[in-house]
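# Summary of the model geometry
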Amino acid sequence: MALTHTFIANTIEIDVDVVDRFGVPLDLTGCTFTFTASTLNGDFSIVKTEIDGIEIDSIVTGRLNVTIDPEDTDALTVPRNLLWDIVMTDTYDDVRTIATGRIALSLPVASLVP
């Protein structure tokens, strides 16, 4: 599980190489992806798809990028820890969790200054 530490209202980028159990890149042709990040109690969450935030960098080499925009977290007023996963649905409708991680969001120092 990867840990990303960053600040509220910052751009967050997560790169993932989708590989099989032998480390061989998967062909992502026809696959769909959903990124979900949430607090443990579910009171805050972010969802991204290819329409809004997931970009397939290379279908053939199995690389994709998730971008969380500053607007996705700018309403937060206290530090938060989010767990995230990326779920892939392939052309056979098989569903796999291909990556997981944690994001630790801190308040920017500027927000602490009166």
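The structure reproduced in this document is the subject of the present report. Model, not experiment: these values are computed from the prediction. (Residues numbered from 1 in each chain as written. Predicted model: local features only at pLDDT ≥ 70, side-chain atom pairs only at ≥ 80, totals over all residues. Heavy atoms only, no water.)

## Structural notes on unusual backbone geometry
Going by this rule: Where helices and strands are cited, they refer to DSSP runs of H or I of at least four residues and of E of at least two residues respectively, numbered from the N terminus.
Unusually for a residue other than glycine, A9 sits at a positive phi of about 65 degrees. The residue A9 is located in the loop between strand 1 (2-7) and strand 2 (12-17) in this model. In the Ramachandran plot, D93 falls in the positive-phi region, its phi being about 65 degrees despite a non-glycine side chain. With respect to the element layout, D93 can be found in the loop between strand 7 (80-89) and strand 8 (95-106).

## A few points about the sheet that holds strand 5 (residues 54-58)
Our working rule: Strands are treated as partners if at least two bridges between them are detected by DSSP. Every angle, taken between N-to-C directions, lies between 0 and 180 degrees, and every axis is a line fitted to C-alpha atoms, over only the stretch in contact when it is a helix.
Taken in spatial order, the three strands of this open sheet run 2-6-5, and their pairing is antiparallel. Where the open sheet ends on each side, the last strands, each with one partner, are strand 2 and strand 5. Within the sheet, the average angular offset between the axes of one strand and its neighbour, ignoring direction, is 20 degrees. Alignment of strand 2 against strand 6 (residues 63-68), held across six bridges, turns out to be antiparallel. Bridge assignment links I14 to a residue of strand 6, and that residue is V66.

## So, the pattern of salt bridges
Our working rule: Here, a salt bridge means any Lys or Arg side-chain nitrogen found within 4 Å of an Asp or Glu carboxyl oxygen. Under the scheme applied here, a residue whose accessible area is under 20% of the maximum for its type counts as buried, over 50% as exposed, and between as partly exposed, the area being computed with a 1.4 Å probe on protein chains only.
This model, assessed by the stated rule, comprises seven salt bridges. The partner of D43 in a salt bridge is R80, with the nearest N and O atoms 2.6 Å apart. Within this pair, whereas D43 is found in the loop between strand 3 (32-38) and strand 4 (45-49), its partner R80 is found in strand 7, the two being separated by 37 residues in sequence. Taking relative accessible area as the criterion, R80 reaches 18% and is therefore assigned buried. D72 is the partner of K48 in a salt bridge, and the nearest nitrogen-oxygen pair spans 2.8 Å. Separated by 24 residues along the polypeptide, K48 in strand 4 and D72 in the loop between strand 6 and strand 7 bring together distant segments of the chain. Each of K48, D52, D69 and D72 takes part in one network of salt bridges that share partners.

## Let's talk about the sheet that holds strand 4
Paired through their backbone hydrogen bonds, the strands of a sheet run either parallel or antiparallel. The strand order across the open sheet formed by five strands is 1-8-7-3-4, and the pairing between neighbours is mixed. The open sheet is flanked by strand 1 and strand 4, the only strands paired with a single partner. The average angle at which neighbouring strand axes cross in this sheet is 20 degrees, direction not considered. Bridge analysis of strand 3 against strand 4 gives five bridges, and the strand direction is antiparallel. Paired with F35 across the strands is K48, a residue of strand 4.

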